Amino acid sequence: MKILSLDTSAKTATAALVSDSELVAEYSILTTTHSTTLLPMIESIFKLAGIKAEDVDLYAVTVGPGSFTGIRIGVSTVKGLAFAYNTPCVGVSALSAMAENLGGLDGIIVPVIDARRDMVYTALFRSLPDGSVERLTEDMQISIDELFELLGEYRDTRIYFTGDAYTKVSERFSNHEQGITPVKLRAQSAYGVASAGLKLWNNTEDKSALTAAALMPVYLRKSQAEREREERLAAENNIQ
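No experiment lies behind these values; they were computed from the predicted model shown.

Q: Just give me the short version of a negative patch on the surface, but keep the residues and values in it.
A: The grouping of Asp20, Glu22, Glu54, Asp55 and Asp57 at the surface amounts to a negative patch. Mapped onto the fold, aspartate 20 is located in the loop between strand E2 (12-19) and strand E3 (22-30). Judged by relative accessible area, which is 41%, aspartate 20 ranks as partly exposed.

Laid out in structure tokens, this is it:
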């Protein structure tokens, strides 16, 4: 099965072509303009791998949590490709995808995406001996201090952080037993998206439901524009 996978949930835009579990090609770039880099990345992968969009068997993309704009760009791109070629597609958690990239390490895997205001998007996973990962918590948005408290019960377990909040978080956890995550594994990688997407595909009985129409972003909080509108309306009501 040929899988094209994308992750635009954070600062790194990444795309990969995976054949079953074998990485065929991957393209990653640190950018603030996912809208102008994503399609050229995909086109380059297709050209270098010698395939066309219609040769893809499954599209996989992160649907959140993370950057509202980035997620919308990634999801809309996959929706367009999947609809145009009538190809099934799956949406996966950005945090699950990040954890998949660290499978095989001995300890607790903690993806952390910067959510600003000293907050992070995170979830806890346990790396298993066979190289797979086991989810321990749901995706959540919490403060770094709350994450510190949550990891208290794993104080004697090696912890591996990954994500664009790596430096900010790891510096605060000097009292924990930390594993040193290789630099290359601290950023998003679309290979993990393909891995998580393939698992979802294999575990879905009704594969006909995995359509472009059904693919939607998943947000853990309201957008900044929505929050500002609610604050403005609340202020106006208080004045009245």
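Once the structure has been displayed, the description carries forward.
Q: Break down the pairing of strand E7 (residues 119-122) for me, with residues and values.
A: Alignment of strand E6 (residues 108-116) against E7, held across four bridges, turns out to be antiparallel. When the bridges of E7 are listed, valine 112 appears paired with threonine 122. Remark: two residues form the turn of the hairpin made by E6 and E7, two consecutive strands paired antiparallel; arginine 117 in that turn has positive phi of roughly 55°.

Q: Residues and numbers for the packing of aromatic side chains, please.
A: Aromatic rings considered in pairs are described by the distance between their centres and by the relative angle of their planes. On inspection of all chains with the given rule, the structure shows one aromatic pair. Lysine 207 extends its terminal NZ or CZ atom over the ring of tryptophan 201, reaching a point 5.2 Å from the ring centre.

Q: How would you sum up the nonpolar core? Please name residues and give values.
A: One recurring pattern in soluble globular proteins: nonpolar side chains tend to sit buried together. Residues Phe46 and Tyr59 are the most contacted members of the largest nonpolar core, which totals 26 residues. At the level of secondary structure, the elements contributing two or more residues to this core comprise strand E1 (2-7), E2, helix H1 (34-49), strand E4 (58-64) and helix H2 (68-85). Top contributing element to this core by residue count: H2, with six residues. Apart from residues no more than four positions distant in its own chain, phenylalanine 46 is found in contact with Leu4, Ile51, Ala53, Val56 and Tyr59.

Q: Let's hear about the pairing of E3: which residues, and what values?
A: Bridging between E2 and E3 involves eight bridges; their strand directions are antiparallel. Looking at E3, one finds that threonine 12 is bridged to leucine 30. As consecutive antiparallel partners, E2 and E3 are separated by two residues, and within that stretch aspartate 20 has a phi angle of approximately 60°, a positive value.

Q: Which residues make up the sheet that holds E1, and what values go with them?
A: Judged by pairing direction, the sheet is mixed, and its five strands sit side by side in the order E3-E2-E1-E4-E5 without closing on themselves. Each edge of the open sheet carries a strand with a single partner, namely E3 and strand E5 (89-93). The average angle at which neighbouring strand axes cross in this sheet is 20°, direction not considered. In this sheet, E4 lies alongside E1 in parallel orientation, the contact comprising four bridges.

Q: Let's hear about unusual backbone geometry: which residues, and what values?
A: Among all residues save glycine, negative phi is the norm, and among peptide bonds the norm is trans. Going from glycine 64 to proline 65, the amide bond is cis rather than trans, its omega being -5°. By the secondary structure assignment, proline 65 is in the loop between E4 and H2. Phi at asparagine 86 is positive, roughly 55°, even though this residue is not glycine. Looking at the element boundaries, asparagine 86 is found in the loop between H2 and E5. On the basis of relative accessible area, asparagine 86 is assigned to the exposed category, the value being 72%. In this structure, arginine 117 takes a positive phi of about 55° despite not being glycine.

Q: Requested: an account of the packing of H1 against H2, with residues and values cited.
A: Across the interface, H1 lies against H2 with an axial gap of 10 Å and an inter-helix angle of 40°. Classified by the angle between their axes, H1 and H2 sit oblique to one another. For the element pair H1 and H2, the recorded crossing hand is right-handed. Between H1, through His34, Ser35, Leu38, Leu39 and Ile42, and H2, the contact on the second element is made entirely by Ile73, Gly74, Thr77 and Leu81. Taken together, the residues of the contact of H1 with H2 break down into five nonpolar, four polar and no charged.

Q: I'd like to hear about the environment of threonine 12, residue by residue, with values.
A: Examined against the element boundaries, threonine 12 turns out to sit in strand E2. When the C-alpha atoms of threonine 12 and leucine 30 are compared, they prove to be 4.4 Å apart, with 18 residues separating the residues in sequence. With residues near it in sequence (within four places) discarded, threonine 12 still touches Asp7, Ser28, Ile29, Leu30, His34, Ala187 and Gln188.

Conventions used here
- Residues numbered from 1 in each chain as written.
- Predicted model: local features only at pLDDT ≥ 70, side-chain atom pairs only at ≥ 80, totals over all residues.
- Heavy atoms only, no water.
- Patch = residues over 30% accessible without salt bridge, like charges linked within 9 Å, V, L, I, M, F, W, Y side chains within 5 Å.
- Areas by Shrake-Rupley, 256 points an atom, 1.4 Å probe, with all protein chains shown as cover.
- Salt bridge = Lys/Arg side-chain N within 4 Å of Asp/Glu carboxyl O.
- Lys, Arg positive; Asp, Glu negative; His and termini not counted.
- Charge placed at Lys NZ, Arg CZ, Asp CG, Glu CD.
- Helix = DSSP H or I, 4+ residues; strand = E, 2+ residues; numbered from the N terminus.
- Buried < 20%, exposed > 50% of the residue type's maximum accessible area, 1.4 Å probe, protein only.
- Pairing = 2+ DSSP bridges.
- Phe/Tyr/Trp six-rings, centres within 6.5 Å; stacked < 30°, edge-to-face > 60°.
- Lys NZ or Arg CZ within 6 Å of the ring centre and 35° of its normal.
- Core = buried A, V, L, I, M, F, W, Y, C linked by side-chain atoms within 4.5 Å.
- Contact = heavy atoms within 4.5 Å.
- Axes fitted to C-alpha atoms, helices over the stretch in contact; angles between N-to-C directions.
- Parallel < 35°, antiparallel > 145°, perpendicular 65-115°, else oblique.
- Left-handed = near helix turned anticlockwise from the far one by under 90°.
- Nonpolar A, V, L, I, M, F, W, Y, C, P; charged D, E, K, R; others polar.

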